[in-house]
Amino acid sequence: MCSLPTSRQPLRRVAVTGGTHGNEMCGVYLVKHWLQTPGELQRPSFSAMPVLANPAATAACRRYLGYDLNRACTLTFLNSTATPNDPYEVTRARELNQLLGPKGTDQAFDFILDLHNTTANTGVCLISEESQSSFNLHLCHYLQLQNPGLPCRLLQYEPPRAETYSVESVSKNGIGLELGPQPQGVLRANLFSQMRTLVASTLDFIELFNQGKAFPAFEIDIYRVLGKVDFPRTADGDLAGTVHPQLQDHDFEPLRPGEPIFKLFSGEDVLYEGNSTVYPVFINEAAYYEKHVAFLKSERIRVSVPALP
Ligand SMILES: [Zn+2]
């Protein structure tokens, strides 16, 4: 299922990015803190660089100003000629590409850990665009072992047109860390400290990797995104109902055919009509209303991950 990394070069150039979405407050304030006191990001073999990814959106406490930065890091945007009409985030994506890339080249950073919050009840959710990255699967397994009280799952997302667009896609390897539930623009102490712990564990894992530690083979359940489900809508496109109370907050739990997913304003239930059990993720995420997404459907897959020798 997974390929082995072709070489085991130490990861020396590592960045921790926060505020990619300017109203996801754990990453915003962790990175602001580390920009003042970076000691927590230092390990014997490397020092991770804190980066406030979207300073203008952070100042405005908005997800983005003109365009979603976490969709703007495509080679098409990064390599196109700048124009005065470019959205702020497209310009910022090119700056990040200068700082942490260039994407797809040998000069790019070795690893970006990009910090996010979600309003959905996901717990810890690692998002990997790299379907074959055994490094990311070993990282997820390490975080599970180090933090037994925190459910930690890996969501594999392959962009539909096979062109990666996330901030971490600028580096050679990277992962997105989602932590929820936390409202937009709100900082909760428990999630702030959880994210701090998860970042420390991630850097510890990279340090062990750099030291040449052997990581044994294991099996793990991962979740692979199958598609999106929109809210029920009226003829003119407005909402016709809410996420069903029996689905709300049940991220990563099985949804079987015939179970309710929406409650219409008329009072009727809308049932899930698929053929097989799926695992909904990002249920009722605030930022996805504009994207016409009530939740993502995923499938759970058992994966055998080879040892990192
Ligand atoms: Zn985000």
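- If you check an unreviewed UniProt entry, the protein chain appears there as N-acyl-aromatic-L-amino acid amidohydrolase from Microtus ochrogaster.
- You can read under Sequence similarities (unreviewed entry) in the UniProt record for the protein chain the words "Belongs to the AspA/AstE family. Aspartoacylase subfamily."
- The Cofactor (unreviewed entry) comment attached to the protein chain in UniProt states, word for word, "Zn(2+)".

**What about the pairing of strand E6 (residues 123-128)?**
Logical step 1: Of all the six residues making up E6, six are buried; the element is thus mostly covered by neighbouring parts of the structure.
Logical step 2: Sheet topology places E6 next to strand E8 (residues 173-180); five bridges connect them, and they run antiparallel. When the bridges of E8 are listed, Cys 125 appears paired with Glu 178.
Logical step 3: Pairing analysis gives five bridges linking E6 to strand E7 (residues 152-156), with the strands arranged parallel. Bridge pairing links Val 124 to Cys 152 in E7.

**Topic: the side chain of Thr 20**
Logical step 1: Within the secondary structure layout, Thr 20 lies in the loop between strand E1 (14-18) and helix H1 (25-36).
Logical step 2: For Thr 20, a relative accessible area of 0% puts it in the buried group.
Logical step 3: Reaching out from Thr 20, the side chain makes a polar contact with the side chain of Asp 114 at a distance of 2.7 Å.

**Points about the coordination of the zinc ion**
Logical step 1: Donor atoms from the polypeptide that bind the zinc ion are His 21 (ND1), Glu 24 (OE), Glu 24 (OE) and His 116 (ND1), placed at 2.0 to 2.4 Å.
Logical step 2: What the four donor atoms of the zinc ion show is an angle range of 58 to 150° at the metal, which sorts the shape as irregular.
Logical step 3: Read N to C, the donor residues that coordinate the zinc ion are spaced as H-x2-E-x91-H. Exposure class is identical for His 21 and Glu 24. Each is buried.

**Considering the pattern of salt bridges**
Logical step 1: In the structure shown here, the tally under the stated rule is 14 salt bridges.
Logical step 2: Overlapping salt bridges bring together Glu 24, Arg 63, Asp 68 and Lys 291 as one network.

**A look at the sheet that holds strand E11 (residues 260-264)**
Logical step 1: Strand order in the open sheet made by the three strands is E10-E11-E12, with antiparallel pairing throughout. Only two strands of the sheet have a single neighbouring strand rather than two, namely strand E10 (241-243) and strand E12 (269-271). On average, adjacent strands in this sheet sit at an angle of 30° to one another, irrespective of strand direction.

**Regarding the packing of H1 against helix H6 (residues 189-210)**
Logical step 1: One way to put it is that H1 packs onto H6 with a least axis distance of 10 Å and a crossing angle of 60°. Judged by the inter-axis angle, H1 sits oblique to H6. Here H1 runs over H6; the crossing is right-handed. In contact with Cys 26, Gly 27, Tyr 29, Leu 30, His 33 and Trp 34 of H1, H6 contributes Leu 191, Phe 192, Met 195, Arg 196 and Val 199.
Logical step 2: Broken down by class, the residue content of the contact of H1 with H6 amounts to eight nonpolar, two polar and one charged.

**Focus on the nonpolar core**
Logical step 1: Formed by 45 residues in total, the largest nonpolar core has its most connected members in Phe 111, Leu 115 and Val 199.
Logical step 2: No other element matches the nine residues that H6 contributes to this core.
Logical step 3: Judged by nonpolar contacts, the second largest core, of 16 residues, contains Ala 120, Ile 127, Ala 287 and Tyr 288.

**Structural notes on the side chain of Asp 86**
Logical step 1: Along the chain, Asp 86 falls in the loop between helix H3 (75-79) and helix H4 (88-100).
Logical step 2: A distance of 2.8 Å separates a polar atom in the side chain of Asp 86 from the backbone nitrogen of Thr 83.
Logical step 3: Only 2.9 Å separates the side chain of Asp 86 from the side chain of Arg 94, close enough to count as a polar contact.
Logical step 4: Ignoring sequence-local partners within four residues, the contact set of Asp 86 consists of Thr 81, Thr 91 and Arg 94.

**Concerning H4**
Logical step 1: If you check H4, its first and last C-alpha atoms are 18 Å apart, about what 13 residues at 1.5 Å a residue would give, namely 18 Å.
Logical step 2: Where H4 is concerned, the buried positions are Glu 89, Val 90, Arg 92, Ala 93, Arg 94, Leu 96, Asn 97 and Leu 100.
Logical step 3: For H4, the elements touching its buried residues are E1, strand E4 (49-52), helix H2 (55-60), H3 and strand E5 (111-117).

Criteria and cut-off values
- Every chain is numbered on its own, with residues counted from 1 as its sequence reads.
- For this predicted model, a pLDDT threshold of at least 70 governs which residues receive local features, and a threshold of 80 or more governs which side-chain atom pairs are given and counted, while totals over whole chains, interfaces and linings are taken from all residues.
- Hydrogens are left out, water is left out, and the side-chain values use all remaining heavy atoms of the structure.
- UniProt positions are given in the numbering used here, feature names are shortened, and annotations may be inferred rather than shown by experiment.
- For the exposure calls, accessible area comes from a 1.4 Å probe over protein chains only, and a residue counts as buried if that area is under 20% of its type's maximum, exposed if over 50%, partly exposed in between.
- Only runs of H or I of at least four residues qualify as helices and only runs of E of at least two qualify as strands under DSSP, and these elements are numbered from the N terminus.
- Pairs of strands are assigned from DSSP output, requiring at least two bridges between the strands.
- Here a polar contact is recorded for every N or O atom pair within 3.5 Å, except that within protein the pair must consist of a potential hydrogen donor and a potential acceptor, and residues adjacent in sequence are included only if both atoms are side-chain atoms.
- Any nitrogen, oxygen or sulfur atom within 2.8 Å of a metal ion counts as a donor, with the limit raised to 3.2 Å for Na, K and Ca, and since water is left out, coordination shells can look unfinished.
- Under this scheme a four-donor centre is tetrahedral when all angles range from 85 to 135 degrees, a four-donor centre is square planar and a six-donor centre octahedral when opposite donors are above 155 degrees with the rest from 65 to 115, and any other centre is irregular.
- Whenever a carboxyl oxygen of Asp or Glu lies within 4 Å of a side-chain nitrogen of Lys or Arg, that contact is scored as a salt bridge.
- Lines fitted to the C-alpha atoms define the axes, with helices restricted to the stretch that makes contact. Angles between their N-to-C directions range from 0 to 180 degrees.
- Orientation is classified from the angle alone, with under 35 degrees giving roughly parallel, over 145 giving roughly antiparallel, 65 to 115 giving roughly perpendicular, and any other angle giving oblique.
- If you view the pair so one helix is near and one far, a crossing is left-handed when the near helix is turned anticlockwise from the far one by less than a right angle, and right-handed when it is turned clockwise.
- We call two residues in contact when some of their heavy atoms are within 4.5 Å.
- Residues were grouped as follows: Ala, Val, Leu, Ile, Met, Phe, Trp, Tyr, Cys and Pro as nonpolar; Asp, Glu, Lys and Arg as charged; and all remaining residues, including Gly, as polar.
- Residues belong to a common nonpolar core when they are buried Ala, Val, Leu, Ile, Met, Phe, Trp, Tyr or Cys residues joined through side-chain atoms within 4.5 Å.
- Under the convention used throughout, the expected extent of a helix is 1.5 Å for every residue step, that is, one less than its residue count.

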